[in-house]
Amino acid sequence: MLAVVCCGCLVSCNKKPPKPVGYRFVKLTNDGKEQVEEIKAINDSDALKQYFNRMEKIIVENIGKEEEPFKAMYVISPSGDTLNTNEELIKKVLEPDVPSNQVINLKDIAPSTH
């Protein structure tokens, strides 16, 4: 019995963290061209947070310029979902009382009824 308990503990302690997967950060330029950059994230909420950080950096770098460098910016999941257009996912990820390490995936969000 002791051996079973010890083996169970070893197996659970050796659990590896999830591997990051590739999300796409797509920037649509004013002339209609796409610039695609890969974001490595462990889940949708992590990818969306990285997207907001990159978007914020781009906006700050371009303060005071006459023209914005991009017409639009998107983050696309490995399954092809555009994460930053899902209002419910954004609300969940940006809620102030949600721990930063909480995993939120698009598939966990109920479809919007609007």
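Residues numbered from 1 in each chain as written. Predicted model: local features only at pLDDT ≥ 70, side-chain atom pairs only at ≥ 80, totals over all residues. Heavy atoms only, no water.

Caption draft 1: Fine view of the pairing of strand 1 (residues 21–29). Sheet topology note: the strand 1/strand 2 (residues 34–41) ladder contains eight bridges and is antiparallel. Bridge pairing in strand 2 places Gly22 opposite Lys40. (Pairing = 2+ DSSP bridges. Helix = DSSP H or I, 4+ residues; strand = E, 2+ residues; numbered from the N terminus.)

Caption draft 2: Representation of a nonpolar patch on the surface. Taken together, the side chains of Ile59, Val60 and Ile63 present a nonpolar region at the surface, about 300 Å² in accessible area. Position of Val60 relative to the elements: it lies in helix 2 (residues 44–61). Val60 sits in the exposed class, given a relative accessible area of 52%. (Patch = residues over 30% accessible without salt bridge, like charges linked within 9 Å, V, L, I, M, F, W, Y side chains within 5 Å. Areas by Shrake-Rupley, 256 points an atom, 1.4 Å probe, with all protein chains shown as cover. Salt bridge = Lys/Arg side-chain N within 4 Å of Asp/Glu carboxyl O. Buried < 20%, exposed > 50% of the residue type's maximum accessible area, 1.4 Å probe, protein only.)

Caption draft 3: Just helix 3 (residues 87–94), in detail. The set of residues buried in helix 3 consists of Leu89, Ile90 and Val93. For helix 3, the angular spread of buried residues about the axis comes to 100°, placing them on one side. Buried residues along helix 3 sit in contact with helix 2. For helix 3, the N-terminal capping position is held by Asn86, with its side-chain oxygen 3.2 Å away from the main-chain nitrogen of Glu88. (Arc of directions from axis to C-beta. Contact = heavy atoms within 4.5 Å. Polar contact = N/O pair within 3.5 Å; in protein donor to acceptor, adjacent residues only side chain to side chain.)

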